[in-house]
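Here are the chains, one letter per residue:
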Amino acid sequence: MNYDTFIDRVAQRTRTPSEQAVELTRATLETLAERLTGGEVLDLAVQLPRPLQLVLKPGPDNESAQRVGAAEFVTRVAARAHVDESTARDAVRAVFTTLREAISGGEFDDVVVQLPRDYRDMVEPALAPGATLRRP
């Protein structure tokens, strides 16, 4: 999936303009990069379009995953994107669903397995029957 398609799908799912979808996607991926181990961030990044790879660069601060619960994850996305938490929660769901379409099923599973159960309501829409899944 190319960058424009990724952003368009997030925009459609969040019912926001493309410019805001870019910010919501960036905020979600930056926060996700903090929540994943550095190796998993790299594995995820290589399957995404270049502009999104740049957002996911692991640094010394995120080599090991931060133990961030779902509520704090949403709070961080909201702060980064300058939106309220309801908008941030919807954006996180939209980005996870779009990620599921953009990356291999195995890689998506590797990402989800690093997230605790309290992320379920944000991740399950991506796992729902009828959601698109790209398998290698």
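Right above here is the structure, for reference.
These remarks concern the structure in this document. (Residues numbered from 1 in each chain as written. Predicted model: local features only at pLDDT ≥ 70, side-chain atom pairs only at ≥ 80, totals over all residues. Heavy atoms only, no water.)

So, the packing of helix 1 (residues 3-14) against helix 2 (residues 18-35)
Under the convention used in this document: Each axis is a line fitted through C-alpha atoms, and for a helix only the stretch in contact is used; angles between axes span 0 to 180 degrees, taken between their N-to-C directions. A run of DSSP states H or I qualifies as a helix once it reaches four residues; a run of E qualifies as a strand once it reaches two. Both are numbered from the N-terminal end. Under this scheme an angle from 65 to 115 degrees is roughly perpendicular, one under 35 degrees roughly parallel, and one over 145 degrees roughly antiparallel; angles in between are oblique. Should any heavy atoms of two residues lie within 4.5 Å, those residues are counted as being in contact. Gly is placed with the polar residues, together with every amino acid not listed as nonpolar (Ala, Val, Leu, Ile, Met, Phe, Trp, Tyr, Cys and Pro) or charged (Asp, Glu, Lys and Arg).
Their axes nearest at 8 Å, the elements helix 1 and helix 2 cross at an angle of 100°. Between helix 1 and helix 2, the angle is such that the two are roughly perpendicular. Residue-level contacts link Tyr3, Phe6, Ile7, Asp8, Val10, Ala11 and Thr14 of helix 1 to Ser18, Ala21, Val22, Leu24 and Thr25 of helix 2. Taken together, the residues of the contact of helix 1 with helix 2 break down into eight nonpolar, three polar and one charged.

A look at the pattern of salt bridges
To keep things clear, this is the line we draw: The working definition used for a salt bridge is a side-chain nitrogen of Lys or Arg within 4 Å of a carboxyl oxygen of Asp or Glu.
Taken as a whole, this structure holds 11 salt bridges when the rule is applied. For Arg26, the salt bridge identified is with Glu23, shortest N-O distance 2.5 Å. Of this pair, Arg26 and Glu23 both sit in helix 2, three residues apart, roughly one helical turn. Through salt bridges with shared partners, a single ionic network connects Glu23, Arg26, Glu30, Glu34, Glu72, Arg76 and Arg80.

Concerning the side chain of Ser104
Under the convention used in this document: Working definition: with a 1.4 Å probe on protein chains only, accessible area under 20% of the residue-type maximum means buried, over 50% means exposed, and in between means partly exposed. Here a polar contact is taken to be a pair of N or O atoms separated by no more than 3.5 Å, where protein atoms must pair a possible hydrogen donor with a possible acceptor and residues adjacent in sequence count only if both atoms sit in side chains.
On the secondary structure map, Ser104 appears in the loop between helix 6 (85-102) and helix 7 (105-113). For Ser104, a relative accessible area of 10% translates into the label buried. A distance of 3.2 Å separates a polar side-chain atom of Ser104 from the backbone nitrogen of Glu107.

Quick look at the nonpolar core
The following threshold applies: The term nonpolar core refers to a set of buried residues drawn from Ala, Val, Leu, Ile, Met, Phe, Trp, Tyr and Cys, joined through side-chain atoms within 4.5 Å.
Membership of the largest hydrophobic core comes to 40 residues, with the highest contact counts inside it found for Phe6, Leu32, Leu44, Leu48, Phe96 and Leu99. Every element with two or more residues in this core is listed here: helix 1, helix 2, helix 3 (38-45), helix 5 (70-81), helix 6, helix 7 and helix 8 (120-127). Sort the elements by how many residues they give to this core and helix 6 lands first, with eight residues. Apart from the residues lying within four places of it in its own chain, the contact partners of Leu48 are Phe6, Gln53, Leu56, Leu99, Ala102 and Ile103.

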